Amino acid sequence: MDNEFRISGKNQRLSIYPVSDLHYGSEQFDEELFNYWVEMFEEDENQKVIYLLGDILESGSKSVGNSAFNQNISLDKQINWFIDTFKPYSKYIRGMTQGNHEARLKKEFDLDITNVVSKALDVPYSASIYDTIMINDQPYTFYGTHGNKVSAHQHLQLGMIKRAVEHIDAHVFCMGHSHKLLTISDVRTTPTGYKRRYYVNTGSFLGYEGSYAEDTGLRPELTGFSRILVDRERRTNVELFNRDEVIAWLKLNIGKALAELRKQMRELKFRRKKDGKR
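If you're wondering where the values come from, they're calculated on a predicted model, not measured in any experiment.

A.B. asks: Whenever I open this one, the packing of aromatic side chains confuses me. Can you help?
C.D. replies: Each pair of aromatic rings is reported with the distance of its centres and the angle of its planes. This model, assessed by the stated rule, comprises 25 aromatic pairs. Between Phe34 and Trp81, the ring centres sit 5.5 Å apart and the planes meet at 55°, which makes this aromatic pair tilted. Of this pair, Phe34 sits in helix α1 (residues 31–43) while Trp81 is found in helix α2 (residues 75–86), placing the two residues 47 residues apart along the sequence. Judged by centre distance (5.2 Å) and plane angle (10°), the rings of Phe173 and Tyr199 are stacked. Of this pair, Phe173 sits in strand β7 (residues 172–175) while Tyr199 sits in strand β9 (residues 193–202), and the two are 26 residues apart along the sequence. Tyr199 gets classed as buried once you look at its relative accessible area, which sits at 0%. Above the ring of Phe41, the side-chain terminus of Lys48 is found at 4.4 Å from the ring centroid. The ring of Tyr92 carries Lys48 above its face, with NZ or CZ at 5.5 Å from the centroid.

Rendered as structure tokens:
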């Protein structure tokens, strides 16, 4: 896998897509938002990479509440979807790790479905992702993990991330699990000057209504995802895409689909009428 990225133009960027907590297979999977993510990724003309940070699949279990009964897609079909969906993008995936939902099956059945998918996609799989790439011959380090702690408050959640990676040196740190979509940065002093570090809670594609979060009275979190843009000087900008802020796109595309359907129905009606005259 190529570690060298050349960014020359002032408007060019390296786009980093950390993806976690899709929970595909759950009845609350936000397919519309995921389609928005797919369109954004495919239309992104920047050089780009993907990191998969766990809980891509719901993989419900009878040992954890009633999650096994809240799936609307079998585990076999979930795994096939994972492979079929990300296979076209496998050349962009620089690493993947498992989440607590995939870990359930490893614990109960010694079945590591993340390992199965990683081999099918031919991408690296590890407990956490610690990846250094070169941007115009300068190192840029990404650290990503699924995470295992959740706080009801945003500032405490961000504090958890910072404490969890205090011993790790990187430019950007990404963590899933909490379903919160948050970012913060700080500055460290180094022998060569100041270094800004970015922390990202990567959001989720699991809707709140009808989910276990609503059932247990947890604070509602809207679906959303992040994209990290890095310029030729390694300056970093973290973009957050909350569902309520991209809803106009979703409505527009639903409107386009309905308009296309109406057009097809008119054409079909016209052909039938024309055939009837004959």
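A.B. asks: Looking at this structure, I do not really get α2. What am I missing?
C.D. replies: Given 3.6 residues per helical turn, the α-helix brings residues three or four places apart onto the same face. Across its twelve residues, α2 extends 17 Å between first and last C-alpha, which sits within 8% of the 16 Å expected from 1.5 Å per residue. Turning to α2, its buried residues are Gln78, Ile79, Trp81, Phe82, Ile83, Thr85 and Phe86. Contact partners of the buried residues in α2: α1, β3 (47–52), β4 (93–96) and α4 (113–121).

A.B. asks: For this particular structure, what's the right way to read the pattern of salt bridges?
C.D. replies: Any two side chains of opposite charge can pair if their charged atoms end up close together. Inspection of the entire model under this criterion finds 13 salt bridges. Arg243 is the partner of Asp30 in a salt bridge, and the nearest nitrogen-oxygen pair spans 2.5 Å. Placement of the pair is Asp30 in the loop between β2 (14–19) and α1 and Arg243 in helix α7 (residues 243–277), with a sequence separation of 213 residues. The buried category is assigned to Asp30, whose relative accessible area is 9%. The residue Asp131 makes a salt bridge to Arg94 at a minimum N-O spacing of 2.6 Å. In this pair, Asp131 sits in strand β5 (residues 129–135) while Arg94 sits in strand β4, placing the two residues 37 residues apart along the sequence. One exposure class covers both Asp131 and Arg94, and it is buried.

A.B. asks: Looking at this structure, how should I read the packing of α2 against α4?
C.D. replies: Relative orientation and spacing of two packed helices are given, respectively, by the angle between their axes and the distance between those axes. With their axes 10 Å apart at the nearest point, α2 and α4 run at an angle of 35° to one another. The hand of the α2/α4 crossing is right-handed. Residue-level inspection shows Leu75, Ile79, Phe82, Ile83 and Phe86 of α2 in contact with α4, the latter providing Ile113, Val117, Ala120 and Leu121. Tallied by class, the residues present in the contact of α2 with α4 amount to nine nonpolar, no polar and no charged.

A.B. asks: Teacher, can you tell me more about the nonpolar core here?
C.D. replies: Within soluble globular proteins, side chains that are nonpolar tend to cluster in buried spots. Ranked by internal contacts, the top residues of the largest apolar core, which has 33 residues, are Trp37, Trp81 and Phe86. Only β2, α1, β3, α2, β4 and α4 provide two or more residues apiece to this core. For this core, the leading source of residues is α1, giving seven residues. Here Phe86 is in contact with Leu22, Phe34, Trp37, Leu52, Ile56, Trp81, Ile93 and Leu121, once residues within four sequence places are set aside. Counting 19 residues, the second largest nonpolar core, distinct from the first, contains Phe5, Ile7, Leu14 and Tyr198.

A.B. asks: Teacher, can you tell me more about α1 here?
C.D. replies: For α1, spanning 13 residues, the distance from its first C-alpha to its last is 18 Å, which sits close to the expected 18 Å at 1.5 Å a residue. Here α1 has its buried residues at Leu33, Phe34, Tyr36, Trp37, Val38, Met40 and Phe41.

A.B. asks: I keep staring at the sheet that holds strand β10 (residues 224–230) and nothing clicks. Help me out?
C.D. replies: Read across the sheet, five strands follow the order β4-β3-β2-β10-β11 without closing on themselves; strand pairing throughout is mixed. At either end of the open sheet lies a strand with only one pairing partner, and these are β4 and β11 (236–242). Along the sheet, successive strands turn relative to each other by an average axial angle of 20°, direction set aside. Bridge count for β3 against β4 is three bridges, and the pairing is parallel. Bridging from a neighbouring strand, Ile50 pairs with Ile93 of β4.

Parameters and conventions
Residues numbered from 1 in each chain as written. Predicted model: local features only at pLDDT ≥ 70, side-chain atom pairs only at ≥ 80, totals over all residues. Heavy atoms only, no water. Phe/Tyr/Trp six-rings, centres within 6.5 Å; stacked < 30°, edge-to-face > 60°. Helix = DSSP H or I, 4+ residues; strand = E, 2+ residues; numbered from the N terminus. Buried < 20%, exposed > 50% of the residue type's maximum accessible area, 1.4 Å probe, protein only. Lys NZ or Arg CZ within 6 Å of the ring centre and 35° of its normal. Expected span 1.5 Å × (residues − 1). Contact = heavy atoms within 4.5 Å. Salt bridge = Lys/Arg side-chain N within 4 Å of Asp/Glu carboxyl O. Axes fitted to C-alpha atoms, helices over the stretch in contact; angles between N-to-C directions. Left-handed = near helix turned anticlockwise from the far one by under 90°. Nonpolar A, V, L, I, M, F, W, Y, C, P; charged D, E, K, R; others polar. Core = buried A, V, L, I, M, F, W, Y, C linked by side-chain atoms within 4.5 Å. Pairing = 2+ DSSP bridges.

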